[in-house]
Amino acid sequence: MGRLAGKVAIITGAAKGLGEADARMFVREGARVILTDVDSANGERVAAELGEMAEYRHLDVRHDAEWRALVDDVVARHGKLDILVNNAGVVELGDIETQTEKDYRFIMAVSADGTWFGCQHAVRVMKENNGGAGGGSIINMASIASVQGESAVAAYCAAKGAVEGLTRAVAVHCARQGYNIRCNSIHPAGILTPMVIEVGRQAALMRGAEEALNGGPITKLGEPDDIAYTVVFLASDESKFINGAAIRVDDAKSVIAGNA
Ligand SMILES: NC(=O)c1ccc[n+]([C@@H]2O[C@H](COP(=O)([O-])OP(=O)(O)OC[C@H]3O[C@@H](n4cnc5c(N)ncnc54)[C@H](O)[C@@H]3O)[C@@H](O)[C@H]2O)c1
């Protein structure tokens, strides 16, 4: 039996990159998966490839009303929500002197606001699971940008710091309320996805890819499944005593001396 058998999951930003890898692994592990994104062409394609245990729904995570409609629809049709992966995120290059307010607001809206709305709506319905006893797992995709100073992506650092702090607040609230809802953050670095390819391309144009990502040498890139294995673990009951944790999956990039 799959490690996520019988569970219902929503994954944001699932049309490509890490979210797509999560969705593929979730279905292999027996979950029913609602892939969401703003890139509907890719989202529909991936969901179709995954078969009857997967479906695609448009969700722009910046909008509270879209969240409410989606979560209510999932509970109405599938009876519950067990897992939320707040994965959607965007990055634009810019340090504290050069990043525009427009980019700052955009990055914060997707990562910080989007994760905020997702947590609010997930807690609202997960606390009703199991006949009111509650139950669920929320996984927030942060970054090592929240734990080290990545000067070339200042707004991204701010957004991921918000995600990390919110994760702890949600975890403690749910533990105190006895909701049986866990909330943890994952902090990846250097995983080969469309985002990293695009940042690398922009950086190469500006100053050189190595410098722009985190000011130090990129030793090697990870694969999306390196993150998906951790997401599946946190989504499964195997991690039932892990709550409020910030888990780095970065091949030591955030702890190598001189790498920040
Ligand atoms: N790849 C890495 O090395 C890395 C490192 C640290 C953190 N992360 C984080 O992991 C997450 C996934 O990153 P990725 O590398 O797969 O990026 P990606 O750009 O390859 O994929 C992100 C997905 O999010 C979607 N998205 C963008 N704005 C959205 C919105 N408003 N609403 C819904 N969906 C939206 C995009 O359409 C895309 O499908 C992000 O939060 C990112 O910050 C990635």
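Residues numbered from 1 in each chain as written. Predicted model: local features only at pLDDT ≥ 70, side-chain atom pairs only at ≥ 80, totals over all residues.

## Topic: the nonpolar core
To keep things clear, this is the line we draw: By convention in this section, buried Ala, Val, Leu, Ile, Met, Phe, Trp, Tyr and Cys residues joined through C-beta atoms within 7 Å make up a nonpolar core. Burial in this document is a count-based property: other C-beta atoms within 10 Å of a residue's C-beta are tallied, and the residue is buried at 20 or more, exposed at 12 or fewer, or partly exposed in between, with C-beta positions derived from the backbone. Note on contacts: each residue gets a C-beta atom placed from the backbone, and two residues are in contact if those atoms are within 7 Å.
Grouped together as the largest cluster of nonpolar side chains are 74 residues, with contacts concentrated most on Ala9, Ala23, Phe26, Val33, Leu35 and Val231. If sequence neighbours within four positions are ignored, Ala9 has contacts with Phe26, Ala31, Arg32, Val33, Ile34, Asp82, Ile83, Val85 and Ala235.

## A word on helix H4 (residues 101-126)
Formally: The secondary structure listing takes helices from DSSP runs of H or I that are at least 4 residues long and strands from runs of E that are at least 2 residues long, numbered from the N terminus. Here a helix's expected span is defined as the number of its residues, less one, multiplied by 1.5 Å. The reported bend at a residue is simply the angle between two axes, fitted to the 7 residues ending at it and to the 7 residues beginning with it.
Taking 1.5 Å of rise per residue, 26 residues should cover 38 Å, and H4 covers 35 Å from first to last C-alpha, within 8% of that figure. Of all the bends in H4, the greatest, near 40°, is centred on Ala109.

## Quick word on the packing of helix H3 (residues 64-78) against H4
Packed helix pairs are characterised by how far apart their axes lie and by the angle those axes make with each other. Put simply, the rule is: Fitted lines through C-alpha atoms serve as axes, helices being fitted only where they are in contact, and the angles separating the N-to-C directions of these axes extend from 0 to 180 degrees. The scheme is simple: roughly parallel for angles under 35 degrees, roughly antiparallel for over 145, roughly perpendicular for 65 to 115, oblique for anything else. Rotating anticlockwise by less than a right angle from the far helix to the near helix defines a left-handed crossing, while the corresponding clockwise rotation defines a right-handed one. Classification used: nonpolar for Ala, Val, Leu, Ile, Met, Phe, Trp, Tyr, Cys and Pro, charged for Asp, Glu, Lys and Arg, polar for all others including Gly.
Direction vectors running N to C along H3 and H4 enclose 30°, while the axes themselves pass 10 Å from each other. With respect to their mutual orientation, H3 and H4 come out roughly parallel. Here the hand of the crossing between H3 and H4 comes out right-handed. Residues Asp64, Trp67, Arg68, Val71 and Val75 of H3 lie in contact with H4, whose contacting residues are Phe117, Gly118, His121 and Val125. The residue makeup of the contact of H3 with H4, split by class, is 5 nonpolar, 2 polar and 2 charged.

## Here we look at the pairing of strand E5 (residues 136-141)
Definition in use: By definition, the crossover connecting two strands over a helix is right-handed if that path, from the first strand to the second, turns clockwise as seen with the strands pointing away from the viewer. Strand pairing is assigned whenever DSSP identifies at least 2 bridges connecting the two strands.
Most of E5 is tucked away, with 6 of its 6 residues classed as buried. Neither face of E5 is left uncovered, since the one carrying Gly136, Ile138 and Asn140 and the one carrying Ser137, Ile139 and Met141 both have all their residues buried. In the classification by handedness, the crossover that spans strand E4 (residues 83-86), the intervening H4 and the parallel E5 is right-handed. Looking at chain direction, E5 and strand E6 (residues 181-188) are connected through 6 bridges and run parallel. Within E6, the residue paired with Ser137 across the bridge is Arg182. Following the chain from E5 across helix H5 (residues 154-177) to the adjacent parallel E6, one finds a crossover that is right-handed.

## Notes on unusual backbone geometry
Here Asn180, not a glycine, exhibits a phi torsion of approximately 60°, which is positive. Along the chain, Asn180 turns up in the loop between H5 and E6. Phi at Asp251 takes a positive value of approximately 50°, unusual for a residue other than glycine. Residue classification places Asp251 among the partly exposed residues on the basis of 17 C-beta atoms within 10 Å.

## A word on the sheet that holds strand E3 (residues 54-58)
Spatially, the 7 strands line up as an open sheet ordered E3-E2-E1-E4-E5-E6-E7, and their pairing is parallel. The two strands at the open ends of the sheet, each matched to only one other strand, are E3 and strand E7 (246-249). For this sheet, the mean inter-axis angle between neighbouring strands, taken without regard to orientation, is 20°. Sheet topology places strand E2 (residues 32-37) next to E3; 5 bridges connect them, and they run parallel. Paired with Asp37 across the bridge in E3 is His58.

## Considerations on the packing of H4 against H5
Between H4 and H5, the shortest axis-to-axis distance is 8 Å and the interhelical angle comes to 15°. By the angle between their axes, H4 is roughly parallel relative to H5. In this structure, the crossing between H4 and H5 has a hand that is right-handed. Where H4 approaches H5, its residues Asp103, Tyr104, Ile107, Met108, Ser111, Ala112, Thr115, Trp116, Cys119 and Val123 are matched on the opposing element by Ala155, Tyr156, Ala158, Ala159, Lys160, Ala162, Val163, Leu166, Val170 and Cys174. Looking at the contact of H4 with H5, its residues break down into 16 nonpolar, 2 polar and 2 charged.

## Observations concerning the environment of Arg168
Among the secondary structure elements, Arg168 is positioned in helix H5. Residue classification places Arg168 among the partly exposed residues on the basis of 16 C-beta atoms within 10 Å.

## Some thoughts on the environment of Ile186
Looking at the secondary structure, you find Ile186 in strand E6. For the pair Ile186 and Arg176, spaced 10 residues apart in the sequence, the C-alpha separation amounts to 22 Å. Apart from the residues within four sequence positions on either side, Ile186 is in contact with Ile139, Met141, Ala142, Ile227, Thr230, Val231, Ile247 and Val249.

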